[in-house]
Amino acid sequence: MLLAGGGESGTRRRDRQIACWLGLAAFLAYLPFFHGHFTGKDETGVYLTARALYETGGFEVHDGPHRYPGRDGRTYAHFAPGLPLLAVPLYALGDLAAHTLPGAWLARLNPRPTEPGRIDTLVTPPLFAVALFAPLASALLVALFFLFQR
């Protein structure tokens, strides 16, 4: 609610501050359980679609699980486009990190050796960033739920 002078009521501002703190608390509570890599094929399928959107601008997925031929003969993941579209900015941040951070920092993302065929040992900066989607989405939802309940 705006006051006559154009200012915002103190209650609304306080509610938004509380929502931000609750969102931050939810994010920090989620982080101890965050692996920084994928543990399932569904996560990989969404990641590969986000990568295709970022790198080629299309939904065609050339490798990975859950690929099916489309009417045009190209292969696509069977996931709805919403989640990969939301993950594209995170992929872009990871790609930026891969090109700007020192090699020693990037090596710390994956302390285990990469093993072919095991998705839990494959960690790249874009993959790490896309894996942050769940903690970030949880924090945002907690904040939004609080605001809508107020």
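Here the structure is shown first, and the text comes after it.
Residues numbered from 1 in each chain as written. Predicted model: local features only at pLDDT ≥ 70, side-chain atom pairs only at ≥ 80, totals over all residues. Heavy atoms only, no water.

Chemist: Got a minute to help me understand the packing of helix H1 (residues 10-30) against helix H6 (residues 133-149) in this structure?
Modeler: Describing two packed helices takes the angle between their axes plus the distance from one axis to the other. In the contact formed by H1 and H6, the axes pass within 8 Å of each other and the chain directions differ by 150°. Taken together, the axes of H1 and H6 are roughly antiparallel relative to one another. As for the relative orientation of H1 and H6, their crossing is right-handed in sense. Each of Asp15, Arg16, Ile18, Ala19, Leu22, Gly23, Ala26, Phe27 and Tyr30 in H1 lies in contact with H6, whose residues at this interface are Ala134, Pro135, Leu136, Ser138, Ala139, Val142, Ala143, Phe146 and Leu147. In terms of residue class, the contact of H1 with H6 is built from 14 nonpolar, 2 polar and 2 charged. (Axes fitted to C-alpha atoms, helices over the stretch in contact; angles between N-to-C directions. Helix = DSSP H or I, 4+ residues; strand = E, 2+ residues; numbered from the N terminus. Parallel < 35°, antiparallel > 145°, perpendicular 65-115°, else oblique. Left-handed = near helix turned anticlockwise from the far one by under 90°. Contact = heavy atoms within 4.5 Å. Nonpolar A, V, L, I, M, F, W, Y, C, P; charged D, E, K, R; others polar.)

Chemist: Would you mind showing me how to read a nonpolar patch on the surface here?
Modeler: On the surface, a nonpolar cluster with roughly 630 Å² of combined accessible area is contributed by Leu140, Leu141, Leu144, Phe145, Leu147 and Phe148. If you trace the backbone, Leu140 turns up in helix H6. On the basis of relative accessibility, which here comes to 52%, the residue Leu140 falls in the exposed class. (Patch = residues over 30% accessible without salt bridge, like charges linked within 9 Å, V, L, I, M, F, W, Y side chains within 5 Å. Areas by Shrake-Rupley, 256 points an atom, 1.4 Å probe, with all protein chains shown as cover. Salt bridge = Lys/Arg side-chain N within 4 Å of Asp/Glu carboxyl O. Buried < 20%, exposed > 50% of the residue type's maximum accessible area, 1.4 Å probe, protein only.)

Chemist: I'm lost on the side chain of Asp15 in this one. Help?
Modeler: Tracing the backbone through its elements, the reader meets Asp15 in helix H1. Not counting chain neighbours up to four residues away, the residues in contact with Asp15 comprise Phe146, Leu147 and Arg150.

Chemist: Looking at this structure, how should I read helix H3 (residues 82-100)?
Modeler: Since the α-helix packs 3.6 residues into each turn, any two residues three or four apart lie on the same face. Here H3 spans 28 Å end to end across 19 residues, near enough to the 27 Å set by a 1.5 Å rise per residue. The largest bend in H3 comes to about 35°, at Val88, with the proline Pro89 one to four residues further on. (Expected span 1.5 Å × (residues − 1). Bend = angle between axes of the 7 residues up to and from the residue.)

Chemist: Would you mind going over the nonpolar core with me for this structure?
Modeler: Here is a general trend for soluble globular proteins: nonpolar side chains tend to be buried in one another's company. Phe38, Tyr47 and Val130 are the most contacted members of the largest nonpolar core, which has 16 residues in total. Mapped by element, the contributors of at least two residues to this core are helix H2 (41-56), H3 and helix H5 (125-131). (Core = buried A, V, L, I, M, F, W, Y, C linked by side-chain atoms within 4.5 Å.)

Chemist: How do you make sense of the packing of aromatic side chains when you look at a structure like this?
Modeler: Aromatic rings considered in pairs are described by the distance between their centres and by the relative angle of their planes. Summed over all chains, the structure comprises 2 aromatic pairs. Between Tyr47 and Tyr91, the aromatic rings sit 5.7 Å apart at their centres with planes inclined by 40°, giving tilted as the arrangement. Here Tyr91 lies in helix H3 and Tyr47 lies in helix H2, a separation of 44 residues in the sequence. Residue class for Tyr47 comes out buried when judged on its relative accessible area of 7%. You can call Tyr91 buried: its relative accessible area is 4%. Judged by centre distance (5.0 Å) and plane angle (50°), the rings of Tyr54 and Tyr91 are tilted. Here the residue Tyr54 occupies a position in helix H2, and Tyr91 occupies one in helix H3, the gap between them amounting to 37 residues. Exposure remark for Tyr54: the relative accessible area of 34% places this residue in the partly exposed category. One aromatic cluster is present, built from ring pairs that chain together Tyr47, Tyr54 and Tyr91. (Phe/Tyr/Trp six-rings, centres within 6.5 Å; stacked < 30°, edge-to-face > 60°.)

Chemist: Explain the environment of Phe133 to me, please; I cannot follow it from the model alone.
Modeler: Looking at the element boundaries, Phe133 is found in helix H6. Here the alpha-carbon distance between Phe133 and Tyr91, two residues 42 residues apart in the chain, equals 10.0 Å. In this view, Phe133 contacts Leu83, Leu86 and Leu90; residues no more than four positions away in its chain are not counted.

Chemist: Teacher, can you tell me more about the environment of Leu106 here?
Modeler: Among the structural elements, Leu106 can be located in helix H4 (residues 103-107). By relative accessible area, which is 23% here, Leu106 ends up partly exposed. For the pair Leu106 and Val123, spaced 17 residues apart in the sequence, the C-alpha separation amounts to 9.6 Å. Once residues lying within four places of it in the same chain are set aside, the contact partners of Leu106 are Ala97, Ala98, Leu101 and Pro125.

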